[in-house]
Amino acid sequence: HEPVSVARKTDDEYLELNHPKITCIISGTIEQAKNFLQIENGLFSRFMLFYLGSTSGWKNVFSTNAVFNPLNTVADWMLKNYNYFQEPEIQFSFTTEQQEIFNNFMESQLENFRIYDATNDLESSIKRLGLILVRISMILTIIEEETLEGLSSLLCSSSAFHALMLLAEFLISHLLYVYKLVNSTNNEFLNAQNQAQQLINILPKQFTTKKAKEIGNTIGIKEDYIYKILRSKKHFKKTNRGLYEKI
């Protein structure tokens with residue numbers, strides 16, 4: 001988890017978290033993701049993304065067959081290790097060979113994404129996914145250990161590293177797929193922003209509604225959106241009926 005620093009002029013507010021510790025799991029539709037996962041503010045890159053298609057088939061809700069629930073077993077294991085990790089520190093590391101394989105793979109993926117994405121939107125996603133994957137390998141290695149007592153260092157197990165590399169390819173493919181779905185809406189949003197800014201730049205200091213509509217039409221802006229732009233008190237001041245002045 002990266003340090004968080006927030007500064008706001010209002011009330012001289014300043015917030016700094018050196019070691020934030022928060023994890024969330026969110027599910028939803030692609031349309032919901034388009035509104036939530038904004039690429040520009042970096043939120044998109046902070047999630048491990050997985051696209052799950054709709055499942056078919058009918059579920060028998062009347063079935064009385066017992067369902068295995070491993071929650072209690074997992075909860076006991078988690079509690080034991082959580083309590084243990086409150087005191088000692090364990091140094092986790094990859095072998096030299098694992099480091100080389102992982103670094104080469106992630107570097108190649110980063111280069112591929114740079115070629116694919118001229119805006120570099122995905123570069124931070126790849127880098128943060130690398131960190132997420134290393135943390136997953138830590139968890140998988142710890143699960144394999146019968147006991148952690150007396151350990152001061154821990155090497156990533158071969159099976160955990162193998163799972164890590166399979167997950168890397170899998171999650172990167174899902175990252176790219178979700179990016180394509182989410183970015184379609186973002187492109188429309190960015191195009192609208194660019195058109196609005198272009199109109200603001202072209203308009204003279206003083207102008208009429210008719211003039212704004214003429215210029216807007218040449219840019220390709222719909223009439224109702226032109227009126228919406230003109231209502232912006234940040235950029236324009238209405239001086240009379242049908243007359244505006246740029247601020």
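Structure: see above.
Engineer: Teacher, can you tell me more about the packing of aromatic side chains here?
Structural biologist: Any aromatic ring pair is given by two values, namely how distant the centres are and how the planes are angled relative to each other. Considering all chains together, one arrives at nine aromatic pairs under this definition. A centroid spacing of 6.1 Å and a plane angle of 65° characterise the contact between F44 and Y179, whose relative ring orientation is edge-to-face. Pair noted here: F44 is in the loop between helix 1 (30-36) and helix 2 (71-84) and Y179 is in helix 5 (residues 158-202), with a separation of 135 residues, a long-range link. The pair formed by F44 and Y179 is uniform in burial state, with each residue classed as buried. Their ring planes at 65° and their centres at 4.9 Å tell us that Y51 and Y177 sit as a pair that is edge-to-face. In this pair, Y51 is assigned in the loop between helix 1 and helix 2 and Y177 in helix 5, connecting sequence segments 126 residues apart. In this structure Y51 comes out as partly exposed when scored by relative accessible area, which is 32%.

Engineer: I tried to follow the nonpolar core on my own but got confused; where do I start?
Structural biologist: The nonpolar side chains of a soluble globular protein tend to be buried, and buried together. F44, L49, F94, F102, L133 and F161 are the most contacted members of the largest nonpolar core, which totals 34 residues. Put simply, the parts of the chain that give this core at least two residues each are helix 3 (96-116), helix 4 (123-144) and helix 5. At 11 residues, the largest contribution of residues to this core is made by helix 5. Ignoring anything within four residues of it in the chain, the contact list for F44 reads L37, Q38, I39, L49, L122, S125, L175, V178, Y179 and V182. Core analysis: the second largest hydrophobic core is formed by 14 residues, A196, L203, I219 and I221 among them.

Engineer: In this structure, what is going on with the environment of F44? I would like to understand it.
Structural biologist: Accessibility expressed as a relative area gives 1% for F44, which makes it buried. C-alpha separation for the pair F44 and V178, spaced 134 residues apart in sequence, amounts to 9.9 Å.

Engineer: Would you explain a nonpolar patch on the surface in this entry?
Structural biologist: A contiguous nonpolar patch, built from V4, L15 and L17 and spanning about 220 Å² of accessible area, is present on the exposed surface. Residue position: L15 is located in strand 2 (residues 13-17). Its relative accessible area of 40% is what places L15 among the partly exposed residues.

Engineer: Teacher, can you tell me more about the sheet that holds strand 6 (residues 236-240) here?
Structural biologist: The strands that make up a sheet are held in pairs by hydrogen bonds between backbone atoms, and each pair lies either parallel or antiparallel. As summarised here, the arrangement of the three strands in space is 5-7-6, forming an open sheet in which the pairing is antiparallel. The open sheet has two edge strands, strand 5 (206-208) and strand 6, and neither has a second partner. Taking each pair of neighbouring strands and ignoring which way they run, the sheet shows an average axis angle of 35°. The pairing of strand 6 with strand 7 (residues 243-246) spans four bridges and is classified as antiparallel. The partner of K237 across the bridge, within strand 7, is E245. Relative to the sheet, helix 6 (residues 209-219) contacts strand 5 and strand 7, its axis offset from that of strand 5 by approximately 85°.

Engineer: Quick question: what am I supposed to make of the side chain of H174 here?
Structural biologist: Inspection of the secondary structure puts H174 in helix 5. Under the relative-accessibility criterion, H174 is labelled buried at 13%. For H174, the side chain forms a polar contact with the main-chain nitrogen of Y51, separated by 2.9 Å. Beyond its immediate stretch of four places on either side in the chain, H174 contacts L49, F50 and Y51.

Engineer: How should I be thinking about the packing of helix 6 against helix 7 (residues 223-230) in this particular structure?
Structural biologist: For any two helices packed against each other, one specifies the inter-axial angle together with the distance between the axes. One way to put it is that helix 6 packs onto helix 7 with a least axis distance of 10 Å and a crossing angle of 125°. Compared by their axis directions, helix 6 and helix 7 come out oblique. Viewed along their axes, helix 6 and helix 7 form a crossing whose handedness is right-handed. Between helix 6 and helix 7, the contacting residues are T209, A212, K213, G216 and N217 on the first element and E223, I226, Y227 and L230 on the second. Per-class residue counts for the contact of helix 6 with helix 7 are four nonpolar, three polar and two charged.

Engineer: When you look at the pattern of salt bridges in this model, what are you seeing that I'm missing?
Structural biologist: Any two side chains of opposite charge can pair, so long as their charged atoms come close to each other. With the rule as written, the count across this model stands at three salt bridges. Between K213 and E223 there is a salt bridge, and its shortest N-O distance comes to 3.8 Å. One end of the pair, K213, is in helix 6; the other, E223, is in helix 7, with 10 residues separating them in the sequence. According to the relative accessible area criterion, K213 is partly exposed, its value standing at 23%. The exposure class assigned to E223 is partly exposed, which follows from its relative accessible area of 41%.

Reading the values: the criteria
- Residues numbered from 1 in each chain as written.
- Predicted model: local features only at pLDDT ≥ 70, side-chain atom pairs only at ≥ 80, totals over all residues.
- Heavy atoms only, no water.
- Phe/Tyr/Trp six-rings, centres within 6.5 Å; stacked < 30°, edge-to-face > 60°.
- Helix = DSSP H or I, 4+ residues; strand = E, 2+ residues; numbered from the N terminus.
- Buried < 20%, exposed > 50% of the residue type's maximum accessible area, 1.4 Å probe, protein only.
- Core = buried A, V, L, I, M, F, W, Y, C linked by side-chain atoms within 4.5 Å.
- Contact = heavy atoms within 4.5 Å.
- Patch = residues over 30% accessible without salt bridge, like charges linked within 9 Å, V, L, I, M, F, W, Y side chains within 5 Å.
- Areas by Shrake-Rupley, 256 points an atom, 1.4 Å probe, with all protein chains shown as cover.
- Salt bridge = Lys/Arg side-chain N within 4 Å of Asp/Glu carboxyl O.
- Pairing = 2+ DSSP bridges.
- Axes fitted to C-alpha atoms, helices over the stretch in contact; angles between N-to-C directions.
- Polar contact = N/O pair within 3.5 Å; in protein donor to acceptor, adjacent residues only side chain to side chain.
- Parallel < 35°, antiparallel > 145°, perpendicular 65-115°, else oblique.
- Left-handed = near helix turned anticlockwise from the far one by under 90°.
- Nonpolar A, V, L, I, M, F, W, Y, C, P; charged D, E, K, R; others polar.

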